[in-house]
Structures are given as structure tokens and as C-alpha cells.
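Summary of the model geometry
Residues per chain are reported as follows:
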Amino acid sequence: MQCPHYDAGRCHSCTLLEIDYPTQVLDKERHVATLLEPVSTRPTSARTGPTAGAGLTWLPAVSSRESGFRNKAKMVVSGTVAEPVLGILDRGGHGVDLTDCGLYPPALQASFAPLAAFVTRAALEPYQVAGRGRRAQQRGELKYLLVTLSPDGELMVRFVLRSQEAIARIRKHLDWLRAELPALAVASANIQPAHAAVLEGDLEIPLTERTTLPMRIDDISLDLRPQSFFQTNTAVATELYRQARTWVDEVGPSTLWDLYCGVGGFALHCAAAGRAVTGIEISAEAIAAASGTADRLRAGDGADRFRDVTFAAGDATAFAVGPGTSELPEMVIVNPPRRGIGTDLAQWLEASGIEHVLYSSCNAVTLARDLAAMPSLRPVRGRLLDMFPQTSHYEVLVLLERA
Ligand SMILES: C[S@@+](CC[C@H](N)C(=O)[O-])C[C@H]1O[C@@H](n2cnc3c(N)ncnc32)[C@H](O)[C@@H]1O
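Residues numbered from 1 in each chain as written. Predicted model: local features only at pLDDT ≥ 70, side-chain atom pairs only at ≥ 80, totals over all residues.

**A look at the overall build of the protein chain**
In terms of regular secondary structure, the protein chain is built from ten helices and 19 strands. In terms of overall size, the protein chain behaves like a compact globule, its C-alpha atoms giving a radius of gyration of 22 Å where 403 residues would be expected to give roughly 22 Å. Over its C-alpha atoms, taken along the principal directions, the protein chain stretches across nearly 70 × 50 × 40 Å. Expressed as a percentage of the 403 residues in the protein chain, the buried residues total 45%. Across the protein chain, every contact between residues at least 6 apart in sequence was considered, and the portion connecting residues at least 24 apart equals 67%. (Helix = DSSP H or I, 4+ residues; strand = E, 2+ residues; numbered from the N terminus. Rg over C-alpha atoms; globule rule 2.2 N^0.38 Å. Buried ≥ 20, exposed ≤ 12 C-beta atoms within 10 Å, placed from the backbone. Contact = placed C-beta atoms within 7 Å.)

**Observations regarding the domain arrangement of the protein chain**
Each assigned domain of the protein chain is listed here: domain 1 (21-66 + 229-402) and domain 2 (72-213). Using C-alpha coordinates to define each centre, domain 1 is positioned 33 Å away from domain 2. (Domains from an automatic or database assignment.)

**Let's talk about the UniProt feature "binding site: S-adenosyl-L-methionine" (unreviewed entry) in the protein chain**
According to UniProt, the positions carrying the feature "binding site: S-adenosyl-L-methionine" (unreviewed entry) are Q231, Y260, E281 and N335. Assignment of secondary structure puts E281 in strand β14 (residues 276-281). In this structure E281 touches Y260, C261, G262, A286, I287 and A313, once residues within four positions along its chain are discounted. Using a count of 25 C-beta atoms within 10 Å as the deciding quantity, one classes N335 as buried. Setting aside residues no more than four positions away along its own chain, N335 makes contact with Y260, F266 and S360. (UniProt positions renumbered as here; feature names shortened; annotations may be inferred.)

**Description of the nonpolar core**
One finds L145, A244, L259, V332, I333, V357 and L358 to be the most contacted residues of the largest nonpolar core, which totals 112 residues. For this core, the element with the most residues is helix α5 (residues 234-251), which contributes seven residues. Each of two domains, domain 1 (21-66 + 229-402) and domain 2 (72-213), supplies a minimum of three residues to this core. In this view, V357 contacts V332, V334, L349, L377 and L400; residues no more than four positions away in its chain are not counted. (Core = buried A, V, L, I, M, F, W, Y, C linked by C-beta atoms within 7 Å.)

**Observations regarding the UniProt feature "active site" (unreviewed entry) in the protein chain**
The feature "active site" (unreviewed entry), as annotated in UniProt, sits at C362 in this numbering. Looking at the element boundaries, C362 is found in the loop between β17 (356-361) and α10 (364-372). C362 gets classed as buried once you count the C-beta atoms within 10 Å, which come to 20. Aside from chain neighbours lying at most four places away, what touches C362 is R338, H393 and E395.

**Some thoughts on the site of the ligand**
The environment of the ligand is formed by 18 residues, the closest being Y260, G262, G265, I282 and N335. Every element with two or more residues in the shell around the ligand is listed here: α6 (265-269) and β14. Considering only residue class, the shell around the ligand consists of eleven nonpolar, five polar and two charged. (Near = placed C-beta within 6 Å. Nonpolar A, V, L, I, M, F, W, Y, C, P; charged D, E, K, R; others polar.)

**Some details on the sheet that holds strand β7 (residues 142-149)**
Sheet strands line up and pair through hydrogen bonds in the backbone, either parallel or antiparallel. Pairing in this open sheet of seven strands is mixed, and the strands run β4-β3-β2-β7-β8-β9-β10 from one edge to the other. Sheet topology places β4 (95-97) and β10 (203-206) at the edges, where each strand pairs with a single neighbour. Looking at each pair of strands side by side, their axes are set apart by 40° on average, direction ignored. Across three bridges, the pairing between strand β3 (residues 84-89) and β4 is antiparallel. Residue pairing across strands places L89 opposite G95, the latter belonging to β4. (Pairing = 2+ DSSP bridges. Axes fitted to C-alpha atoms, helices over the stretch in contact; angles between N-to-C directions.)

**Structural notes on the sheet that holds strand β19 (residues 395-402)**
Judged by pairing direction, the sheet is mixed, and its eight strands sit side by side in the order β1-β18-β19-β17-β16-β13-β14-β15 without closing on themselves. Each edge of the open sheet is held by one strand with a lone partner, namely β1 (57-62) and β15 (309-313). Along the sheet, successive strands turn relative to each other by an average axial angle of 15°, direction set aside. Direction of pairing for strand β18 (residues 377-385) relative to β19: antiparallel, over a ladder of eight bridges. Pairing of L377 across the sheet is with R402, part of β19. Against the sheet, helix α7 (residues 284-299) makes contact with β14 and β15, and its axis sits at roughly 165° relative to β15, the strand it touches most.

Here it is in C-alpha cells:
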């Protein structure tokens, strides 16, 4: 892929830009196969079943579009009220305009000009810090614009602000923004007072009546709320949930947990009549969204399929190891953040006797570490899904079976 910002040395985000795309995917396949090599050559169960056989079988990787695949933009706002710059800060702290970044689809790119004009109209002074350490002086209000595009072409816009000072001005001019940006469905303000490299704060202030963006994936519309996680590549996420569903259906558990469930992508796609599914997630907001989606699906024509799907907020490890869990599920899905599931949950799964685990990971290093802590759960199927072209990151889905 060709990128003027990369060529000019202004942006270094796409570290693999000089490698042709098929080679990127091959390199990632080699990378994950090497990392999992120590755990993938263990002999598997001799019992019957869909996965009985020897070793880990890799399915062909799922490739992505090479450009225009990101559904979410995180734009640092710099410059001035009159001439805001949306993009990143270079090493010297100067704004780099990335509104034509090739990772964003045209509909996302097209939102940036009206948003920049809105910054001027509502007099949202870009945030900046002058000086360092104790002498650092903070100025301005608007830190980031976070924009998400749904598969149906709707937008969620979040203004990350230093304080609530600008909220009234944003509200006052919001109708203008809606007129300029008709795809705008959800807007909110996130208050992040700290001068820290943290993207967002705890307080989210809704600015529109609608507070959820429907992210339609196959026949399920997941409700995305401002502070919830969503996979950034909708097309590859669709393949991820389809693959998970295929493997779960082959195993055919009547009870299934989805740990780190977010807004319910795996749980809802893997729901089936006669299957009890429980989703656990730390974010109460994501759980409210997932529960709302399940209610809606039950009220539609999915009464049987979604009858026994429930979600609860909590820590995944505490839920699994905690005293409240009397009955073990037949299968568990885990999709943790980059840090992985960690020793406690891995050891609990190892000792649990649960037959099948489906591990979806965005960091094969922590995946390999977690698998090493679960020697009785052997990887039998794997598939790389290239969620993040032009970077060394990728998603990998691994089906584990008890030996
Ligand atoms: C990689 S995301 C996966 C979300 C979801 N499975 C999906 O497909 O969109 C990881 C999720 O784990 C959640 N999380 C982080 N720490 C957690 C914890 N200790 N217990 C439960 N969930 C946690 C995050 O809020 C986030 O939604």
C-alpha cells in the first residue's frame, strides 16, 4: 500500500507498509506457528469427537482488505480553533493531519471535514501541554475525536475533553453538525481531566437521544455503547464469530461460557436452542448492551435460540474460580485483552475438567504463555485472522481439547 505520510516520515503506525500484503499474512502465520510450536506437538486425545486426531491443524488464514478496513478512528486534535488538525502528534509534539489515512473507509474519512469545521464553530480549543514535569502548562479542552462507523453507515462520535467547560457549546451547535453529517447517530463527551497518556476517562456524557450504535454482523446486531470495546475490523470480526460458531457447533456443548464477552459477540453468535450461554465482562456498560441485544433477539424470531443467554458484569477469573459457580460449563470461550487470561484462570481451566476451550487472542505471545500453563488442554485447530493489516498485530483463534 502507498501512503504519503509514511513516505514523508510523518507517521510510523503502519510498520509493515513496505511488505506486500500476502507476505505479511504468511509472516504472521509463521510467527504464530513458531510461538505455539512447543504446545502444538503434544499428542491429542485418542477419543472420538470432531477434533480427535494428532496435533494442531491450521486452517487457511483469513485475510483482510488491505486498506479502508478500520471501523474506528482515534484522532488527536491539535492546531488551533480556527485551524484544527485531526490525526496524530509527531515526535516533536506537532500535529500531523491524517484525515486521508488509508486505513479508514471513505465514510469515516468523509466525517473528518465536518468534524473539524464543528471544532471551529463550537470554539473547542485543542488541548495542548507546554513545558514538562511540574512546570507543564495545560491549555485547551478537546483532546481526541473518537469516531466509529457501523456496517450500516451510521456514526458514533465521542469528544474526549479535559473538563465539562465546552459541553454547553457542543450541545448548542449539535444540530448544525447533524445537518452537516447526517450519518451522525450517537454523540457523547468523555471527560478525561488527567494529563496522562490515558485515552479516555470514566465519565461519559450523552449528547444525543440515541446512546447505542447497532453493529450488524450477519443476522445479529450488536449494540455498541460509547465506552465498550468492539473489534476494529468489522469484516474480519464477522469471520471470527462465524468460525467460532462453526467450532462450537461441532463440539455441541449444552452449556457455554463466554469470558471477556464485551457486548456479546461470541456469546450471541454461538447461541443455539437448548444451549445455555453465560457471558461475563468487567464493563457494566457492555453487559447492559449485551443484555439489551439478547432481549431484543428473544422478542424477535430468536425466542428459542436466545432463550437461555444471560450476561453478568464481573471479573472473568473471579467468576470462574469464585464460590458462586456451582456448575461447570461443557465449553468456555475466552477473548481477553492483550495481557491474556493470566495464571489464575489458566490454572483453574487446567484443573477444571472442562473438555473444550476456544481461545481468541490478539497477542500470540500471551496466548502461548497461557497455553503452556494448561498442558491438559491441547490445541487441535487454529486459524489466524488478520484483523490489523500493515502492522505486526493479528487475531488468532485456537480450539483446545482436553487430552
Ligand atoms: C479483546 S476484548 C473482547 C470483547 C468481546 N469478546 C468481543 O468480541 O468484542 C476484551 C474484553 O475484556 C474485558 N475485560 C478486561 N478485563 C476484564 C476482566 N478482568 N474480566 C472480565 N472482562 C474483562 C474488556 O472490557 C473487553 O471488553
